[in-house]
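Understanding the architecture of this molecule
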Amino acid sequence: PESLVDFLTHHRHSVETVFHLGAISSTTETDADLVVEQNFRFTTALWDWCTETGVSFIYASSAATYGDGAQGFDDDGSPGALARLRPLNPYGWSKHLFDRRIARLIASGAARPPHWVGLKFFNVYGPNEYHKGGQRSVVPQIYEQVMAAGRARLFKSHHPDYPDGGQKRDFIWVGDCVDVMLWLANNRDVNGLFNCGTGRARTFLDLANAVIVASGRKGDIEFVPTPEAIRDKYQYFTEARMERLTKAGYMRRFTSLEEGVARYV
């Protein structure tokens, strides 16, 4: 954090907005000390710098903060509402920890950046994530499977309310996320914590079929057991409530799953 803060300070007069998206985003990372250092302390250092210098701060939170979804997916940023959420892994917990810190600071009237936004990103997919290995979105993983073997692999369901492939997520095209962030950067009267999803959950089976169609290949779908290491921490349903961002004035249409997957492929 110190080296980045020094860099920002050196370029202070050319910095208008800090977009902080970097993090240990692996949902399987178990080194809590490392996660806290990178995802909480680092973000806190950037928040403090933006507060001191009067620079806008837009940072990435995550839908992982909602845990199993039992409390819903309402992006209420008040301390009481956030206190009810229970993330399922260290990554989600670290993002939630920072959201709660900011909620307490705002509620207490503490100093803050002149313009700030936290975005709870849902299942983002799009190009240039190839370095993430097994943490890439499902789209490139399925595409590679279909092209190599003519078969897509999805996790079996271990939940009685969801059939195999019927697990649902709010998949959002990365270009839509960029549009939201740029709109927020240009609308400095909008502050707070917001969801960033499409508002429409789709099944993994929908996603796999969209990849197969876009690839122009025939493909079967094989269901494999969800690894035991993540089985009890698996989100079976996510769907962003987007009313808060809409009420703030954001009116652009979100890309459909089929359109986004076709563009990616």
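Use the structure listed above.
Reference entry: report on the structure contained in this document. (Residues numbered from 1 in each chain as written. Predicted model: local features only at pLDDT ≥ 70, side-chain atom pairs only at ≥ 80, totals over all residues. Heavy atoms only, no water.)

Focus: empty space enclosed by the protein
Scanning the model with the defined rule gives one cavity of 30 Å³ or more in all. Contributing elements (two or more residues each) for the lining of the largest cavity: helix H2 (32-53), strand E2 (56-62) and helix H4 (90-108). Of the residues that constitute the lining of the largest cavity, the class distribution is three nonpolar, three polar and two charged. (1 Å grid on protein atoms, 1.4 Å probe; cavity = no way out; pocket = protein on both sides within 12 Å on 5 of 7 lines; lining within 4 Å. Points joined across faces, edges and corners; volume = space filled by probe spheres on them. Helix = DSSP H or I, 4+ residues; strand = E, 2+ residues; numbered from the N terminus. Nonpolar A, V, L, I, M, F, W, Y, C, P; charged D, E, K, R; others polar.)

Focus on the pattern of salt bridges
Tallied over the entire structure, the rule returns 13 salt bridges. Notably, a salt bridge pairs Arg41 with Glu37, separated by 3.2 Å at the nearest N-O pair. Of the two residues, Arg41 and Glu37 both sit in helix H2, four residues apart, roughly one turn of that helix. Residue Arg41 is classed as partly exposed on the basis of its relative accessible area of 49%. Here Arg244 and Asp74 are joined by a salt bridge, their closest N and O atoms 2.9 Å apart. Remark: Asp74 occurs in the loop between E2 and helix H3 (79-83) and Arg244 occurs in helix H9 (residues 243-247); sequence separation between them is 170 residues. (Salt bridge = Lys/Arg side-chain N within 4 Å of Asp/Glu carboxyl O. Buried < 20%, exposed > 50% of the residue type's maximum accessible area, 1.4 Å probe, protein only.)

Re the packing of aromatic side chains
Summed over the entire model, instances satisfying the criterion amount to 18 aromatic pairs. Taking the centre distance of 6.0 Å and the plane angle of 40° together, the rings of Tyr250 and Phe254 count as tilted. Take Tyr250 and Phe254: they sit in the same class, and that class is buried. Taken together, the ring pairs connect Phe40, Trp47, Phe57, Tyr59, Phe98 and Trp116 into an aromatic cluster. One Lys or Arg, Lys120, reaches over the ring of Tyr66 and ends 4.2 Å from the middle of that ring. Of note, Arg169 hangs over the ring of Tyr234, and the distance from its end group to the ring centre comes to 4.9 Å. (Phe/Tyr/Trp six-rings, centres within 6.5 Å; stacked < 30°, edge-to-face > 60°. Lys NZ or Arg CZ within 6 Å of the ring centre and 35° of its normal.)

Quick notes on the pairing of strand E1 (residues 17-20)
Here E1 runs beside E2; their pairing, made up of four bridges, is parallel. Bridge assignment links Phe19 to a residue of E2, and that residue is Ile58. In terms of handedness, the path from E1 via H2 over to E2 forms a crossover that is right-handed. (Pairing = 2+ DSSP bridges. Right-handed = clockwise from strand over helix to strand, strands pointing away.)

Here's the deal with a nonpolar patch on the surface
A grouping of Phe19, Leu21, Val178 and Leu182 is seen on the molecular surface, where their side chains present a nonpolar patch of about 330 Å² in accessible area. Among the residues examined, Phe19 registers a relative accessible area of 36% and is labelled partly exposed. (Patch = residues over 30% accessible without salt bridge, like charges linked within 9 Å, V, L, I, M, F, W, Y side chains within 5 Å. Areas by Shrake-Rupley, 256 points an atom, 1.4 Å probe, with all protein chains shown as cover.)

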